[in-house]
Amino acid sequence: MTSIPENITRINQRINDRATLVAVTKTRPVELLREVYDAGCRDFGENRVQEMVEKQPQLPADICWHQIGHLQTNKVKYIAPFVALIHSVDSLSLLKEINKQGAKNGRVIDCLLQIFIAKEETKFGLSPDEAHALLAGSELDSLPNIRIVGLMGMASNTDDETQVRDEFRGLKKLYDELAVMNRPNVRFSTLSMGMSGDFELAVDEGSTMVRVGSAIF
Ligand SMILES: *Cc1c(COP(=O)(O)O)cnc(C)c1O
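Residues numbered from 1 in each chain as written. Predicted model: local features only at pLDDT ≥ 70, side-chain atom pairs only at ≥ 80, totals over all residues. Heavy atoms only, no water.

**Thoughts on the pattern of salt bridges**
It is possible for side chains of opposite charge to pair when their charged atoms get near one another.
For step 1, the next point in the chain: Per the stated rule, a full pass over the model turns up 16 salt bridges.
For step 2, the next point in the chain: Notably, a salt bridge pairs Lys119 with Glu167, separated by 4.0 Å at the nearest N-O pair. Residue Lys119 is located in the loop between strand 5 (109-115) and helix 6 (128-136), and its partner Glu167 is located in helix 7 (residues 161-179); the two are separated by 48 residues in the primary sequence.
For step 3, the next point in the chain: Residue Lys119 is classed as exposed on the basis of its relative accessible area, which comes to 64%.
For step 4, the next point in the chain: When its relative accessible area of 6% is taken as the criterion, Glu167 is described as buried.
For step 5, the next point in the chain: The partner of Asp141 in a salt bridge is Arg183, and the shortest N-O contact between them spans 3.0 Å. In this pair, Asp141 sits in the loop between helix 6 and strand 6 (146-153) while Arg183 sits in the loop between helix 7 and strand 7 (186-193), placing the two residues 42 residues apart along the sequence.
For step 6, the next point in the chain: On the accessibility criterion, Arg183 (14% relative accessible area) is buried.
For step 7, the next point in the chain: Residues participating in the shared-partner salt-bridge network are Arg18, Arg165, Arg169, Asp204 and Glu205. (Salt bridge = Lys/Arg side-chain N within 4 Å of Asp/Glu carboxyl O. Helix = DSSP H or I, 4+ residues; strand = E, 2+ residues; numbered from the N terminus. Buried < 20%, exposed > 50% of the residue type's maximum accessible area, 1.4 Å probe, protein only.)

Set out below in structure tokens:
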């Protein structure tokens, strides 16, 4: 077994400065998060609000916390004071609540739209058409405390590399189409795709942010 710093070094070599590594620390104890921090990582991803809120005060303040899992409207208030990026926005009503909590905290909260790209029924996310509609709608203009900075997607959990590559390629194509939309609070910079099993494929297909958990621990 290799150590956490060795794993992070190896992953960073494979990313080769093409994307930001978000260390997915869900279910891991705080002592292990400290090892990840000491190895140089400053971007941590959690998928449960309660877990993020418990860990955040126990760790250095310069960590960027990423909400990567499905987010319920009634939980936004707990992470709004500090969250760096919410990857899992899948409805206008959620965006409205993030905006409201952003305003309460005097912040603009960066968000990604989660897009459904996998050929599986269980994953959350918007269809490409729904994402188009959301970004074209006039309601965004009344949400000054959010900023949509890109898209997130999860490929199918399969060994079929061609299928995974096609799904990532489709998401990148959608990203490029939507990135030209000219709205005050839409400024695309981030395409979050790739996990432990497929991050190299994702980076090859244009990912700028990978979310890697098990390959680190
Ligand atoms: C758990 C999780 C990951 C990381 O998965 P690994 O296979 O452990 O790298 C990435 N993204 C999301 C949304 C997750 O829930």
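**Describing helix 5 (residues 92-104)**
For step 1, the next point in the chain: Between its terminal C-alpha atoms helix 5 stretches 19 Å, which fits the 18 Å expected from 13 residues at 1.5 Å a residue.
For step 2, the next point in the chain: All buried positions along helix 5 are accounted for by Leu94, Leu95, Glu97, Ile98, Asn99, Gln101 and Gly102.
For step 3, the next point in the chain: Tucked inside the fold, the buried residues of helix 5 contact helix 4 (76-79), strand 4 (85-89), strand 5, helix 6 and strand 6. (Expected span 1.5 Å × (residues − 1). Contact = heavy atoms within 4.5 Å.)

**So, the site of the ligand**
For step 1, the next point in the chain: Taken together, the residues surrounding the ligand are Val24, Lys26, Asn47, Ile68, Met154, Met195, Ser196, Arg211, Val212, Gly213 and Ser214.
For step 2, the next point in the chain: One of the side-chain nitrogen or oxygen atoms of Lys26 is found 2.8 Å away from an oxygen atom of the ligand.
For step 3, the next point in the chain: Measuring from an oxygen atom of the ligand, one finds a side-chain N or O atom of Ser196 at 2.5 Å.
For step 4, the next point in the chain: Protein chains shield 84% of the accessible area of the ligand, which is 390 Å² for the free molecule. (Near = heavy atom within 4 Å. Polar contact = N/O pair within 3.5 Å; in protein donor to acceptor, adjacent residues only side chain to side chain. Areas by Shrake-Rupley, 256 points an atom, 1.4 Å probe, with all protein chains shown as cover.)

**So, a negative patch on the surface**
For step 1, the next point in the chain: On the surface, Asp159, Asp160, Glu161 and Asp166 cluster together into a patch of negative charge.
For step 2, the next point in the chain: Here Glu161 is to be found in helix 7.
For step 3, the next point in the chain: A residue is classified by how much of its surface remains accessible, and Glu161, at 52% relative accessible area, is exposed. (Patch = residues over 30% accessible without salt bridge, like charges linked within 9 Å, V, L, I, M, F, W, Y side chains within 5 Å. Lys, Arg positive; Asp, Glu negative; His and termini not counted. Charge placed at Lys NZ, Arg CZ, Asp CG, Glu CD.)

**Thoughts on the packing of helix 6 against helix 7**
For step 1, the next point in the chain: Where helix 6 contacts helix 7, the axes come no closer than 11 Å and their chain directions differ by 15 degrees. With respect to each other, helix 6 and helix 7 are oriented roughly parallel. Judged by the sense of rotation from one axis to the other, the crossing of helix 6 with helix 7 is right-handed. Touching Pro128, Ala131, His132 and Leu135 of helix 6 are Leu174, Glu177 and Leu178, all from helix 7.
For step 2, the next point in the chain: Here the residues of the contact of helix 6 with helix 7 are counted per class, giving five nonpolar, one polar and one charged. (Axes fitted to C-alpha atoms, helices over the stretch in contact; angles between N-to-C directions. Parallel < 35°, antiparallel > 145°, perpendicular 65-115°, else oblique. Left-handed = near helix turned anticlockwise from the far one by under 90°. Nonpolar A, V, L, I, M, F, W, Y, C, P; charged D, E, K, R; others polar.)

**Comments concerning the environment of Leu174**
For step 1, the next point in the chain: Within the fold, Leu174 resides in helix 7.
For step 2, the next point in the chain: On the basis of relative accessible area, Leu174 is assigned to the buried category, the value being 6%.
For step 3, the next point in the chain: Distance in space between the C-alpha atoms of Leu174 and Glu46 is 26 Å, their sequence separation being 128 residues.
For step 4, the next point in the chain: Dropping the residues within four chain positions of it, Leu174 is found in contact with Ile115, Pro128, His132 and Leu151.

**Comments concerning helix 6**
For step 1, the next point in the chain: Within the span of helix 6, buried status applies to Ala131, Leu134 and Leu135. Mapping the buried residues of helix 6 onto a view down its axis gives an arc of 95 degrees, with all of them on the same face. Summarising the geometry of helix 6, the exposed residues directed more than 90 degrees from the buried face are Asp129 and Ala136.
For step 2, the next point in the chain: Along its buried surface, helix 6 packs onto helix 5, strand 5, strand 6, helix 7 and strand 7. (Arc of directions from axis to C-beta.)

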